[in-house]
Amino acid sequence: MPHPDTWLKVLPDGLYCEPGGFFIDPVNPVDRAVITHAHADHARPGHANVLATAETLAIMDVRMGEGRSGRAQQAVGYGEVVTQGGVRLWLQPAGHVLGSAQVAMEWQGSRAVVSGDYKRVADPTCLPFEPIACDVFVTEATFGLPVFRHPPPAGEVARLIDSVRLFPERTHVVGCYALGKCQRLIRLIREAGWDGPLYLHGALMSVCRAYEAMGVPLGDLRPATVAAKAELAGAIVLAPPSAIADRWARRLADPVTCLASGWMRVRQRAKAKGVELPLVISDHADWDELCRTLIDVDAPEIWVTHGREEALIHAAAGQGRRGRALRLVGYGDEEEGEDGAKATDAPASETALPA
């Protein structure tokens, strides 16, 4: 039985399944790409053939524009097995954003699973992570340090709503990533009892509409730009992180600056960004979730793609597992960036990612 390191290779374009002839989340245009989810550091434009979930493909089309998200697309459902070059391939939920998937591969009796990005807490906007037993588990480690232990998201949203009630004359503007974080935050706010309108920066609207078209209800959403300043007093406005400290926010009523990110656990980051109300809400696994996942998949070998590799490799060794840092380049942290969305009110289709 061949070890996965004989058929799963790290190349300049990304992680390559040699017998199958495909890359997973390649960073450059390739002939065959399997995409775990539609965030820009994993889903790049220009591939010839793209395999992903139907939701990921739909979101890629919304964000990149028709024709840029793969000249030929193959949508597969979770658990649906396809065979490519003798490799059995299927996708399982990753719990990261709508449509996100782990990539499971079997070749000649050997199994490897590439997680993409993932989290283990419940999310009303996507299916939960499903562990897959394997010989090699390829994991992210964005928050791969013991200091990163995320609090329950409902408690963070309760802090937001309490602040709105405390300052009814001010607008609370919450920085959040356009894909996944925004929609999850909307649903968490709804579940906390907020049934009034939520106002959105224009760069967030198109993905929200895509989520609704795929069966994720988000309630009354309104563009923040056309609302009168008085109307926004006591309101919650969601915007890309770059917009909350930009001149765009000056139209709001004495804004309370908030930011929803796992990085808000680090007070210095919140202070440096001028965040008045940091909300520790992340779409990535925290330290405890990462360590729990290693146990759940029970792989004897762990490969870490990006993030805090060394700490997680050390933790894996404590569980009796071999670890390896792949050091793939080109993967960023969407909680720190805008994925091409500018601090304007242009819709996402007008702020497409560069090729």
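The text that follows walks through the structure, step by step, so that each part is easy to find. All of these numbers come straight from a predicted model, not from anything done at the bench.

### So, the sheet that holds strand β13 (residues 198-200)
Pairing is parallel across the open sheet formed by 6 strands, whose spatial order is β14-β13-β15-β12-β16-β17. Two strands close off the open sheet at either side, each with one partner strand: β14 (221-223) and β17 (277-279). When the angles between neighbouring strand axes are averaged without regard to direction, this sheet yields 30°. Pairing analysis gives 4 bridges linking strand β12 (residues 172-175) to strand β15 (residues 236-239), with the strands arranged parallel. If you follow V173 over to β15, its bridge partner there is V237.

### Re helix α2 (residues 153-166)
Helix length check: α2, at 14 residues, gives a terminal C-alpha distance of 20 Å against a target of 20 Å (1.5 Å per residue), a fit within 8%. For α2, the secondary structure elements touched by its buried residues are β12, α3 (181-191), β15, β16 (256-260) and β17.

### Here's the deal with the pattern of salt bridges
For side chains bearing opposite charge, pairing can occur when the charged atoms are close. Counted under the stated rule, the structure contains 18 salt bridges. In this structure, K119 engages D123 in a salt bridge whose closest nitrogen and oxygen atoms are separated by 2.7 Å. The residues K119 and D123 share a single accessibility class, namely buried. Linking D254 and R170 is a salt bridge whose minimum nitrogen-to-oxygen distance equals 3.3 Å. Taken together, the residues span a long stretch of sequence, with D254 in the loop between β15 and β16 and R170 in the loop between α2 and β12 at a distance of 84 residues. Overall, the relative accessible area of 47% leaves D254 in the partly exposed class. Judged by relative accessible area, R170 falls into the buried class, the value being 12%. Through salt bridges with shared partners, one network takes in K119, D123, R184 and D283.

Thresholds, definitions, all that
- Along each chain, the written sequence defines residue order, and numbers are assigned to residues from 1.
- Reporting of local features is limited, given that this is a predicted model, to residues whose pLDDT is at least 70; pairs of side-chain atoms are given and counted only at 80 or more, and all residues count toward the totals for whole chains, interfaces and linings.
- To obtain the side-chain values, all non-hydrogen atoms of the structure were included, while hydrogens and water were left out.
- By definition, two strands form a pair when at least two bridges between them are found by DSSP.
- Each helix is a run of DSSP H or I of at least 4 residues and each strand a run of E of at least 2, with the numbering of both proceeding from the N terminus.
- Axis lines are fitted through C-alpha atoms, for helices just across the contact stretch, and the angle between N-to-C directions can take any value from 0 to 180 degrees.
- For a helix, the expected span equals 1.5 Å multiplied by the residue count minus one.
- Note on definitions: a residue-residue contact is assigned when non-hydrogen atoms from the two residues lie within 4.5 Å.
- By definition here, a salt bridge exists when the distance from a side-chain nitrogen of Lys or Arg to a carboxyl oxygen of Asp or Glu is within 4 Å.
- For the exposure calls, accessible area comes from a 1.4 Å probe over protein chains only, and a residue counts as buried if that area is under 20% of its type's maximum, exposed if over 50%, partly exposed in between.

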